[in-house]
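Notes for the structure review
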Amino acid sequence: MYAQEVKSTGKPVKSLEEMAPEERAFQQKIDADVKIEPKDWMPEGYRKTLIRQISQHAHSEIVGQLPEGNWITRAPTLERKAILLAKVQDEAGHGLYLYCAAETLGISRDQMTEQLLSGKAKYSSIFNYPTLTWADIGAIGWLVDGAAIMNQVPLQRCSYGPYARAMIRICKEESFHQRQGYDIMMKLCRGTPEQKEMAQDALDRWWRPALMMFGPPDDQSVHSAQSMAWKIKLNSNDELRQKFVDQTVPQAEYLGLKIPDPDLKWNEARGHYDFGELDWSEFYEVIKGNGPCNRERMEARRKAWEDGAWFREGLMAHARKKEARRMAAE
Ligand code: BYC
């Protein structure tokens, strides 16, 4: 199986013989594709890895609203504006389902927000790049949502029940997002030469960051081997990246656009496209907080959290009052 072939830099995965009885029973459930539910026994590492991945995924959905939200007021037609507004609202919804899934593991929403704002929790590298033109909204839908679907469809079968179930609805909505992005690209590519140039420019800027969304190469991935043994991840980073390239190249050809990679070539023997090395130093800089928009994104989230304080306090006051009334009536 592919899981065993992944070369990762993390701790070696324990064999069944090395496990204590409780852990062995847990691993056997996973191996038999039985879902793990919140009240089931689970190793601490499994719980922590899920909290890390699900909360980072939730933060990505929330922060991911910012680059696209930037274009809601400037969408070229009323129809495009309504579609973009709906898409951005969907991303907020995805964030909420995912925060709820993470809460079942014993972390609160406030703790997760605190981890995001303090920089302890990451969010996807892709959202630290700017959206300079309307074509970027097309490129995000086509490439970023396309990459997200490639990563998330297998997660519908992941071992943790609440995460797997949240992914089902998210994937349905992401498919619509991808189609709307490709539709924007089609319109631009069939428009004036200037519009086609805008589409090419957006592809040139988003291609490599989109490939980096899948995470570092397998031999630099710290968590892959253990996460795959636990079926928190079902495919390795490189495997999904390759699938994405294979799927997307013909889509670019259909648009009449050129993928900005001189090393991109169909490899008959492998049955896949070969593609050029990515600049992983750029990826590590971005996830360290030094991408083009990291500061702006975090400032926006901090401001939203501070601006929402009065509302959260109001909700708590209302809940306390309701509880006091209920207690008095008992
Ligand atoms: N960006 O050992 P690895 C969306 C970190 S939202 C930032 O391979 P793992 C959408 C990684 O966290 C898309 N950091 O990690 C929303 C780890 O650092 P820590 C989000 C990244 O977890 C709105 C270190 O690098 N999707 O689709 O096994 C609009 C080593 O990596 C990234 C998800 O979150 C990155 N790209 O694999 C449109 C999906 N990649 O945590 C669209 C769920 C790696 O030790 N997540 N890192 O400090 C996953 O599938 C996995 O977490 C990843 C990484 C494949 C992303």
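Treat the numbers as computed from the prediction; the structure is a model and nothing was measured.

**A look at the overall build of the protein chain**
Summing up its helical and strand segments, the protein chain has 14 helices and 2 strands in all. For a compact globule of 330 residues, the expected C-alpha radius of gyration is about 20 Å, and the protein chain comes in at 21 Å, within 12% of that figure. C-alpha extents for the protein chain along the principal axes are approximately 70 × 55 × 35 Å. Among the 330 residues that make up the protein chain, the fraction classed as buried is 48%. Within the protein chain, counting contacts between residues at least 6 apart in sequence, those at least 24 apart form 77% of the total. Surface exposure of the protein chain reaches about 17,100 Å², of which carbon and sulfur atoms provide 56%. Separation of charge centres in the protein chain, based on 46 positive and 48 negative side chains, amounts to 5 Å.

**Details of the domain arrangement of the protein chain**
Split by domain assignment, the protein chain resolves into domain 1 (16-278) and domain 2 (292-329). Here the C-alpha centre of domain 2 lies 28 Å away from the C-alpha centre of domain 1. Approximately 1,100 Å² of surface area, both sides summed, lies buried where domain 1 meets domain 2, with 69% of it carried by carbon and sulfur atoms. If you sort the residues of domain 1 by the area they bury against domain 2, L66, L117 and N128 come out on top, with a joint share of 47%. Summed over the shared surface of domain 1 and domain 2, the number is 0 salt bridges. Applying the counting rule to domain 1 against domain 2 returns 4 residue pairs in polar contact (both at pLDDT 80 or more).

**Overview of helix 13 (residues 294-307)**
Residues lying three or four places apart along an α-helix face the same way, a consequence of the helix completing one turn every 3.6 residues. Between the first and last C-alpha of helix 13 there are 20 Å, a value that for 14 residues agrees with the 20 Å anticipated at 1.5 Å per step. Of the residues making up helix 13, those classed as buried are N294, R297 and M298. In a view along the axis of helix 13, the buried residues occupy a sector of 95°, so they form one face of it. Those residues of helix 13 that are exposed and aimed more than 90 degrees away from the buried face are R295, E299 and E306. Against helix 3 (44-63), helix 4 (65-69), helix 6 (109-117) and helix 12 (280-290) lie the buried residues of helix 13.

**Quick notes on the side chain of S159**
The residue S159 is located in the loop between helix 7 (134-155) and helix 8 (161-189) in this model. What makes S159 buried here is its relative accessible area of 5%.

**Section: the site of the ligand**
Taken together, 31 residues are adjacent to the ligand, and K122, S221, H223, K233 and N237 come closest. For the ligand, an oxygen atom lies 2.8 Å from a polar atom in the side chain of S221. Measuring from an oxygen atom of the ligand, one finds a backbone N or O atom of V222 at 2.9 Å. Calculation on the ligand without its partners gives an accessible area of 1,000 Å², and the protein chains cover 91% of this total.

**A look at the packing of aromatic side chains**
Applying the stated criterion across every chain, the model contains 12 aromatic pairs. With a centroid separation of 4.9 Å and 75° between ring planes, the pair formed by F26 and Y46 is classed as edge-to-face. Of this pair, F26 sits in helix 2 (residues 21-31) while Y46 sits in helix 3; the two residues are 20 residues apart in sequence, bridging distant segments of the chain. Judged on exposure class, the residue F26 and its partner Y46 are both buried.

**Description of the pattern of salt bridges**
Per the stated rule, a full pass over the model turns up 19 salt bridges. In this structure, E23 engages K14 in a salt bridge whose closest nitrogen and oxygen atoms are separated by 3.0 Å. Note on E23: relative accessible area 17%, which makes it buried. K14 gets classed as partly exposed once you look at its relative accessible area, which sits at 41%. The shortest N-O distance in the salt bridge between R47 and E44 comes to 2.6 Å. Separated by 3 residues within a single helix, R47 and E44 lie in helix 3, roughly one turn from each other.

Rules used in this analysis
Residues numbered from 1 in each chain as written. Predicted model: local features only at pLDDT ≥ 70, side-chain atom pairs only at ≥ 80, totals over all residues. Heavy atoms only, no water. Helix = DSSP H or I, 4+ residues; strand = E, 2+ residues; numbered from the N terminus. Rg over C-alpha atoms; globule rule 2.2 N^0.38 Å. Buried < 20%, exposed > 50% of the residue type's maximum accessible area, 1.4 Å probe, protein only. Contact = heavy atoms within 4.5 Å. Areas by Shrake-Rupley, 256 points an atom, 1.4 Å probe, with all protein chains shown as cover. Lys, Arg positive; Asp, Glu negative; His and termini not counted. Charge placed at Lys NZ, Arg CZ, Asp CG, Glu CD. Domains from an automatic or database assignment. Buried area = accessible area lost by both parts, 1.4 Å probe. Salt bridge = Lys/Arg side-chain N within 4 Å of Asp/Glu carboxyl O. Polar contact = N/O pair within 3.5 Å; in protein donor to acceptor, adjacent residues only side chain to side chain. Expected span 1.5 Å × (residues − 1). Arc of directions from axis to C-beta. Near = heavy atom within 4 Å. Phe/Tyr/Trp six-rings, centres within 6.5 Å; stacked < 30°, edge-to-face > 60°.

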